[in-house]
Amino acid sequence: MSINKDLVAASSTPLVLAILAEGDSYGYAILQRVRELSGGALEWTDGMLYPVLHRLERSGLVESRWEKADTGRRRKYYRVTEAGREQLADERRQWRAVDDTLRKVWSALSEAVGSDVVSVPFSQWS
Amino acid sequence: MDPKQQDDPTAGSLEEQIEAWRSHLRRSRAIRGSDAEELEDHLREQIATLGERGLSEDEAFLVAVKRIGAIDALTREFAREHSDRLWKQLVLAGDGVGAGGAEAPSAYGSRRMWVALTLAVAAGVAMKIPGLFGIPFDPDASLFYPVNIAFFTLPFIAAYFAWERPLPASSRAWVAGAFVLAAVVVNAFPFSLAPVAEPHTLILTVLHLPITLWLAVGVAYVGGRWRGSERRMDFIRFTGELFIYYVLIALGGGVLIGLTFVLFEAIAIDVEPLVQNWVLPCGVAGATVVATWLVEAKQSVIENMAPVLARIFIPLFALVLLAFVVTMAATGRGIDVERQILIAIDLLLVVVFGLLLYSISARDPLAPPGLFDWLQLTLVGTALLVDVLALWAIGSRISDFGFTPNRLSALGMNVVLLVNLAGSAFLYARFLRGGVAFSRLWSWQMTYVYVIAGWAAFVAFLFPVLFGFR
């Protein structure tokens, strides 16, 4: 199942903020975490994460610092800010509202039309 | 890299591959050094992880690069996020040579800025020194300033280059000597500086002297390596940009002065004497050096404006000239010879010459002939036609008007530009037919710099003598 690009883009902000809310992290590790959480369904082109991180940093939702990694190279770590946590809470409310609405409409649909519609795989709905 | 890896022949190649990838990334202005470092860290970690899964270094590198995304897409994404980086770039420390965006103000860049500002202030101060001896700036009161304006501006531009570039002592002496000699000669001329008479030759000197002295600035610009048309072409490019920046600064200055008047008028304080005697003269002189520095600082950062304007206006001017010629032919109207017609035609030729010069200054000499080249040839061809028609019309009447210094100099300038454009058209036509290389056009123009400067010197220095300083 591949997820629509717009959906990936829209979910990137809450996803990155939430992962950073778990603890400070850096690009590669954030991507690993995304893969792990989505079971590979959310395929990001790796490099595209960085402009997202930079955008969040510019809007003050995350802040960054350079640290020396155990490999000896410099590594850029990101940390979510207070504003970022607020934004995350806000995003969470919005996504929950969307999710609730969709859930309701899915179940209404399956009750009204019967089982033949439900048997259509989810991927063809998106 | 640890020494163990260095023994492995493929390790070197991995480093090389990463290096090549990174330098590819750094080509985009949207990606800064620290971004590339961040991405490289990602790439290396990905390669290491894939290596642990048993992929060879080459394979791991390929997969990792693929995962991180095509560089084009990546730079586009970065550019979207950091669109400011595509614009800003003129950091005050503007180190034009630094690859990619200047992240921290470089010491050299800021030193250049300070030298430029110091020279700008020096030019402004120099502008006020004659004032100490009671010479008014107002050209309606004395023509001292118009005659000497070049000496309050150009030497400071030359001085900036003399500081900035390794200019050999002989060239320094040559440039300084040219300025001193010109200043002495022009001020020794027994012009009447009182503005009552109509000082024809004085005005001609005022107009032509800067063109001649600009050559001395050019010598300083190219760091004394005047031979070789490549460097001279750079100087031509610099000239175009300087002109544009100066005009822009002058426009800004105009707004500043206008607002100053309005503001102080509101509290009933007359600032006109201050503006007239200080802001304007010092600004006019200082802005030349500031504009010079700006052009240099922006050189590798911003696309040259002069060729862009040339590109926009070449088709338009070609269209207008074509329409003019066609209308003339269709209606059978001749050119009405008035006193100012020669000046007008000269201006037309100057514009066409400038359009051609700046258009070819930006053209890749190796590119094959294209539609735009034909447009350019059309422009030059029609300009020549119009000029010949005008000259023909004037020729029959010129004896009625008499040969004043003004008319002679205008005629001379016309011939100088006519020959230039005719030569250009000839070479262009041959280039379009595949006869000669495009670079011949360059060298023709670059050689012609001498002719223009020579004619300007002739008018500036010999016309007053020939016509008895009238």
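Residues numbered from 1 in each chain as written. Chains lettered and ligands numbered in written order. Predicted model: local features only at pLDDT ≥ 70, side-chain atom pairs only at ≥ 80, totals over all residues.

Draft legend 1. The arrangement of the overall build of chain A in detail. Regarding its fold elements, chain A presents five helices and three strands. Written out in order from the N terminus, the α and β elements of chain A read α-β-α-α-β-β-α-α. Counting contacts in chain A only where the partners sit at least 6 residues apart, residues at least 24 apart contribute 51% of the total. (Helix = DSSP H or I, 4+ residues; strand = E, 2+ residues; numbered from the N terminus. Contact = placed C-beta atoms within 7 Å.)

Draft legend 2. Inspection of the overall build of chain B at higher detail. When helices and strands are tallied, chain B shows 18 helices and zero strands. Burial status across chain B gives 31% buried among its 470 residues. If you take every contact in chain B between residues at least 6 apart in sequence, the share linking residues at least 24 apart comes to 79%. (Buried ≥ 20, exposed ≤ 12 C-beta atoms within 10 Å, placed from the backbone.)

Draft legend 3. The arrangement of the packing of helix α2 (residues 27-38) of chain A against helix α3 (residues 49-58) of chain A in detail. Residue and element names in this part refer to chain A. Interaxial distance between α2 and α3 falls to 10 Å at its minimum, and their mutual angle equals 110 degrees. When the axes of α2 and α3 are compared, the pair comes out roughly perpendicular. On α3, the residues that touch G27, I30 and L31 of α2 are L49, Y50 and L53. Looking at the contact of α2 with α3 residue by residue, the classes come out as five nonpolar, one polar and no charged. (Axes fitted to C-alpha atoms, helices over the stretch in contact; angles between N-to-C directions. Parallel < 35°, antiparallel > 145°, perpendicular 65-115°, else oblique. Nonpolar A, V, L, I, M, F, W, Y, C, P; charged D, E, K, R; others polar.)

Draft legend 4. Representation of the packing of helix α11 (residues 229-266) of chain B against helix α12 (residues 272-298) of chain B in the model. Residues and elements named next belong to chain B. Running from N to C, α11 and α12 point in directions that differ by 145 degrees, and their axes come no closer than 9 Å. As α11 runs across α12, the sense of the crossing is right-handed. Residues F238, E241, L242, Y245, Y246, I249, A250, G253, I257 and T260 of α11 pack against V275, V279, G283, A287, T288, V290, A291, T292, L294 and V295 of α12. Counted by class, the contact of α11 with α12 contains 14 nonpolar, five polar and one charged residues. (Left-handed = near helix turned anticlockwise from the far one by under 90°.)

Draft legend 5. Local environment of the interface of chain A and chain B. Across the contact, 14 residues belong to chain A and 18 residues belong to chain B. When contributions to the side of chain A that touches chain B are tallied by element, the ones reaching two or more residues are α2, α3 and β3 (74-80) of chain A. Classifying every residue of the side of chain A that touches chain B by side-chain character gives four nonpolar, four polar and six charged.

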